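For reference, the chains in residue letters:
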There are 2 protein chains.
Amino acid sequence: MDVSRRDLLKSSAAVVLAGALSRVGLAADDPLPSWNEGRAKRALIDFVHATTDPQSATFVPQGERIAAFDQDGTLWVEHPMYTQVVYCLQRVPPVVKAKPELANVEPFKTVLSGDPAAIATLPRNELAKVLAATLTGMSVDQFEAEVQAWLKDARDPRWKRPYTQLTYVPMIEVLNYMRSKGFRTYIVTGGGQDFVRVYADKTYGIPPEQVVGTAGGTRYSYDRSGRPFLTKDPKLLLNDDNAGKPEGIHLMIGRRPRVAFGNSVGDRQMLEYTTAGAGKRLGMLVLHDDADREYAYGPAEGLPDTKVGTFTPALFEEAKSQGWIVISMKNDWKRILF
Amino acid sequence: MDVSRRDLLKSSAAVVLAGALSRVGLAADDPLPSWNEGRAKRALIDFVHATTDPQSATFVPQGERIAAFDQDGTLWVEHPMYTQVVYCLQRVPPVVKAKPELANVEPFKTVLSGDPAAIATLPRNELAKVLAATLTGMSVDQFEAEVQAWLKDARDPRWKRPYTQLTYVPMIEVLNYMRSKGFRTYIVTGGGQDFVRVYADKTYGIPPEQVVGTAGGTRYSYDRSGRPFLTKDPKLLLNDDNAGKPEGIHLMIGRRPRVAFGNSVGDRQMLEYTTAGAGKRLGMLVLHDDADREYAYGPAEGLPDTKVGTFTPALFEEAKSQGWIVISMKNDWKRILF
C-alpha cells in the first residue's frame, strides 16, 4: 500500500468515526428522541432543568422529585376498552366454570354470550358484579397468578400484540428521562392497584410500591397448615379517579407531585393539585388526535366523543387557563407504539 | 532535643495513632456499636449478610429488600402513653378555645380538668371523640403545622426532652445499617400515618411515602380563591394494627417485607406475614425489661402488665415456635436513649 492510499483510508476512517460519534452524541444529548421539537418537548426539558440544576432558582431536592403518571391513555392504549375491563370480561368463563350456577344469572349470562353490543349496554351496577367476581374473593397471590397468565396469552385485536406492548414509546422515554434526573415515577391510575402492580415493574420500570390505584381492602387469615394469607375483599378503600387521585396521592405518597401527566377528565384534579403547589410545577395532557397511528377521541378539538378517556372542551379550557401543556400525539410524537 | 527523646516522641505518636486507627477500624467494622454481642446482634448481622452478599444462596435483589418497623415501643418510647395520644389530649384546650361550646361537653370537660385519673377512665368511644376533634376536620397542611408546633414545645415528663429525641439509639443503628445495605426502611405503625409523617424523615430518615399507619380519608375541595386543598375526614380507611398491619403493607407497599421489628401483640400478624414468605426472613421483638434505663412491661417474662404495648406470654411462645428473636433491652443494648 502506498502512502497516499493509506492516508486516504485513514482520513475516511476518521470521517466515518466522526459521523458515528456525532450520531451517538446527538442521541446522548437528546433524552426524548421520539418527540418532535416543539412546545411540549421544550416544556418537559425546561422543567427538568429548572428543578434539577443545582444552580436553578427553582431547584427541587431529590426526595421531593415526584412525578405522577395516569396509566390508561397516558402510558398505554385505552381504546376501544380499558385493558382491565377486557381482563374482567375474559375471566368470566373460567369463573363460571368454577361456579356453574352463575351461567344463567345476569350479568354473567350476557358476558358469556360474547355479544359486544349486549355487553356494551350492561348498566354500571351489573358491570360492577363482573368486576367483583373477577377481581375479589381470591388470595392476593392467586390473583397475581391469574393476571400474569392472562397477560401472557391475551392479544389486542388491532395490533395482535400482548397488551403490555401497547405502551407509548415517547412516554417510556419521559419515564426514563425523569428517573435519570432523580425523579421517582409513580403511576396514579383509576385502574386497579393490584392489577397494575402485576406488570408495572417489567413494563414501565415502576415497582409495586410506586403504583397508586383504585384499591379494595384485603382480609388476613390462615390456611389449614397455619400459613397466613390475604384475601381480596370487595370493600372499596380508594376510588382513585377524579378527586380520588389527589386523595390517593396523599394516602399513598404523602407529598404533592411536582409534575403530573394525564389525558382525560379523570386526571383534572390530579393536575390541579400538582400545579397548585409552590415552586416550579408542570401539568401535561395527552390528546388522542391520531386515528391512523393510534386513535382519535375528544370531544375537545372537534375529535369524536368517547366514554373511555374523555377529553372535554372544558378540560381543554382549564388546561389553557392553568398553563398545562397539551401533547398532540399526531404532531408531538415521531413514533407512538413499538 | 536529643535523638533519643525525639525517637521516643515519634514512637509514642505512632502508638497513639495506631490506637486511634484501631478504634476507628473497630467502629467502621461494627455497624451496631450500641448492641452487646449476643444472639440478637448476631441474628441481625447474619440476616443482612445472607440477603445482601451476592455469593449467598439466599441473596435478595435490592428492590425486594424491604424492612418494616413498628414505631411505638420499637423505635421510640411509648410509655407511660403513646405520644400521639398525649398530642391529642394537649390539643384539646386550643380546640375548645376555637369552639367554646365544647367546654361543658364530655369527654372534653374531663380532658380539660387535667385530672389524669379521670382521663384514664374515659371509655374508648369517648376517647375516639377526642381523637376525631384533634386529628380531623382541618386541612392536611394545617394539621402538619399544628403537629410541628406541638413537637417543638412538648416535653416528655421523665426526660424533659422533645418526644422526637426519645428514639432508641440501637434501633437507629439498625435503620442506618439496613439502609446502607440497600434495604428500604418502612415504618408500619398503629399510630396515625399523617402524624408520624410529620417528623419521620428528620427523626428516622424515613420519608413520608415510607410511613404506613392508621389512615383516614381526605376530601378534595377548593378555597375561595379556587386553590385546591385536602381536608382530613373522620372516615377510617385503614386501622394499621394487628391484622391491619399486613393488610396495610399490601395496600401501601404491595410486597412482603423480608424483615420486621415489633414489640407487642399488635405486631404479631406483621411478623407472621413477614416470616411466612419464601427465602431468608427475620422477625424481631423488642422486650421492655429495663425499668432503670427505660421501662419494664410485659406481662411476658414476669414483667408487670400494661395496656400500652402489651407483650403477652402467648406472643413469647409464638416467638419461640416461629424462631423470632426477642431483643432484651436490658441485656442486648449497651445504650438505650440519647
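A quick note: this is a predicted structure, and the numbers were derived from the prediction, not measured.

**Q** Talk me through the overall build of chain A; I want residue IDs and the actual numbers.
**A** Along its length, chain A carries 13 helices and seven strands. Each principal axis of the C-alpha distribution contributes one length, and for chain A these read about 90 × 55 × 50 Å. By residue count, 54% of the 338 residues in chain A fall in the buried class. Partitioning the intrachain contacts of chain A with sequence separation of at least 6 by distance along the chain shows that 63% fall at a separation of at least 24. Only carbon and sulfur atoms are counted for the fraction: they give 55% of the accessible area of chain A, which is about 15600 Å². When the 42 basic and 40 acidic side-chain charges of chain A are each reduced to a single mean position, those positions are 4 Å apart.

**Q** Talk me through the pairing of strand β1 (residues 66-69) of chain A; I want residue IDs and the actual numbers.
**A** All names here are of chain A. Residues I66 and A68 line one face of β1 and the alternating positions A67 and F69 line the opposite face, and both faces are buried. Relative to strand β2 (residues 184-192), β1 runs parallel, the two sharing four bridges. Its bridge partner lying in β2, A68 is registered against Y186. Note that β1 and strand β5 (residues 259-262) share three bridges and pair parallel.

**Q** Could you give an account of the relation of the copies chain B and chain A, naming the residues involved and the relevant values?
**A** What relates the pair of chain copies is a rotation about an axis plus a shift along that axis. With an RMSD of 0.0 Å, the fit of chain B onto chain A corresponds to turning through 180 degrees and sliding 0.0 Å along the axis. Taken together, the turn and the small shift mark the pair as related by a two-fold rotation axis. Most of the interface of chain B is mirrored in chain A, where 100% of its interface residues again form contacts.

**Q** Tell me about the interface of chain B and chain A, residues and numbers included.
**A** Between chain B and chain A, the contact holds 34 residues from the first and 34 residues from the second. Interface area, chain B with chain A, both sides summed: about 3000 Å², of which 52% is carbon and sulfur. Between the two partners, chain B and chain A, sit four salt bridges. A salt bridge links R255 of chain A to E209 of chain B; the shortest N-O distance between them is 3.0 Å.

**Q** Before we move on, can you summarise the environment of R219 of chain A with the specific residues and values?
**A** Mapping R219 of chain A onto the fold places it in strand β3 (residues 211-222). Judged by its relative accessible area of 42%, R219 of chain A is partly exposed. Considering only alpha carbons, one finds R219 of chain A and R179 of chain A, 40 residues apart in sequence, at a separation of 35 Å. In contact with R219 of chain A, not counting residues within four places along its chain, are F229, L230, T231 and D233 of chain A together with E247 of chain B. Separated by 3.2 Å, the side chains of R219 of chain A and D233 of chain A make a polar contact.

**Q** Any details on the packing of helix α10 (residues 244-252) of chain A against helix α9 (residues 193-204) of chain B? Residues and values, ideally.
**A** The interhelical angle for the contact between α10 of chain A and α9 of chain B, taken along N-to-C directions, is 60 degrees, at an axis separation of 10 Å. On the basis of the axis angle, α10 of chain A is oblique to α9 of chain B. Along its contact with α10 of chain A, which presents H250, L251 and M252 of chain A, the element α9 of chain B presents Q193, D194 and R197 of chain B. Class assignment for the residues of the contact of α10 of chain A with α9 of chain B results in two nonpolar, two polar and two charged.

**Q** For the sheet that holds β2 of chain A, give the residues involved together with the corresponding values.
**A** All names here are of chain A. Ordered by their spatial adjacency, seven strands build an open sheet running β4-β3-β2-β1-β5-β6-β7, and the pairing between neighbours is mixed. The open sheet has two edge strands, β4 (228-238) and β7 (325-328), and neither has a second partner. Between one strand axis and the next, the sheet turns through 35 degrees on average, direction left out of account.

**Q** Please give an account of helix α6 (residues 124-135) of chain B that cites residues and values.
**A** All names here are of chain B. If you check α6, its first and last C-alpha atoms are 16 Å apart, about what 12 residues at 1.5 Å a residue would give, namely 16 Å. All buried positions along α6 are accounted for by E126, V130, T134 and L135. Angularly, the buried residues of α6 cover 160 degrees about the axis, an arc narrow enough to put them on a single face. Pointing more than 90 degrees away from the buried face of α6 are the exposed residues R124 and N125. Where the residues of α6 are buried, they touch α3 (83-98), α4 (108-113), α7 (140-153) and β4 (228-238). Just past α6, the residue G137 takes up positive phi, approximately 100 degrees.

**Q** Before we move on, could you go through the pairing of β4 of chain A and cite the residues and values that matter?
**A** Residue and element names in this part refer to chain A. In this sheet, β4 lies alongside β3 in antiparallel orientation, the contact comprising seven bridges. Bridge assignment links G216 to a residue of β4, and that residue is L236. Between β3 and β4, which pair antiparallel and follow one another directly, the connecting turn spans five residues, one of which, G226, has a positive phi of 90 degrees.

**Q** An account of the side chain of T218 of chain B is needed here, citing residue identities and associated values.
**A** Relative to the assigned elements, T218 of chain B resides in strand β3 (residues 211-222). If we skip the residues at most four places from it in the chain, T218 of chain B touches E247 and H250 of chain A together with V140, L230, T231, K232 and D233 of chain B.

**Q** Can you explain the packing of helix α3 (residues 83-98) of chain A against helix α6 (residues 124-135) of chain A? Please cite residues and give values.
**A** Residues and elements named next belong to chain A. Running from amino to carboxyl end, α3 crosses α6 at an angle of 70 degrees, the nearest separation of the two axes being 9 Å. In terms of axis orientation, α3 runs roughly perpendicular to α6. Facing α3, whose interface residues are Q84, Y87, C88, L89, R91, V92 and V95, α6 presents V130, L131, A133, T134 and L135. Of the residues in the contact of α3 with α6, the class split is nine nonpolar, two polar and one charged.

Calculation notes
- Residues numbered from 1 in each chain as written.
- Chains lettered and ligands numbered in written order.
- Predicted model: local features only at pLDDT ≥ 70, side-chain atom pairs only at ≥ 80, totals over all residues.
- Heavy atoms only, no water.
- Helix = DSSP H or I, 4+ residues; strand = E, 2+ residues; numbered from the N terminus.
- Buried < 20%, exposed > 50% of the residue type's maximum accessible area, 1.4 Å probe, protein only.
- Contact = heavy atoms within 4.5 Å.
- Areas by Shrake-Rupley, 256 points an atom, 1.4 Å probe, with all protein chains shown as cover.
- Lys, Arg positive; Asp, Glu negative; His and termini not counted.
- Charge placed at Lys NZ, Arg CZ, Asp CG, Glu CD.
- Pairing = 2+ DSSP bridges.
- Least-squares fit on C-alpha atoms with pLDDT ≥ 70 in both.
- Buried area = accessible area lost by both parts, 1.4 Å probe.
- Salt bridge = Lys/Arg side-chain N within 4 Å of Asp/Glu carboxyl O.
- Polar contact = N/O pair within 3.5 Å; in protein donor to acceptor, adjacent residues only side chain to side chain.
- Axes fitted to C-alpha atoms, helices over the stretch in contact; angles between N-to-C directions.
- Parallel < 35°, antiparallel > 145°, perpendicular 65-115°, else oblique.
- Nonpolar A, V, L, I, M, F, W, Y, C, P; charged D, E, K, R; others polar.
- Expected span 1.5 Å × (residues − 1).
- Arc of directions from axis to C-beta.

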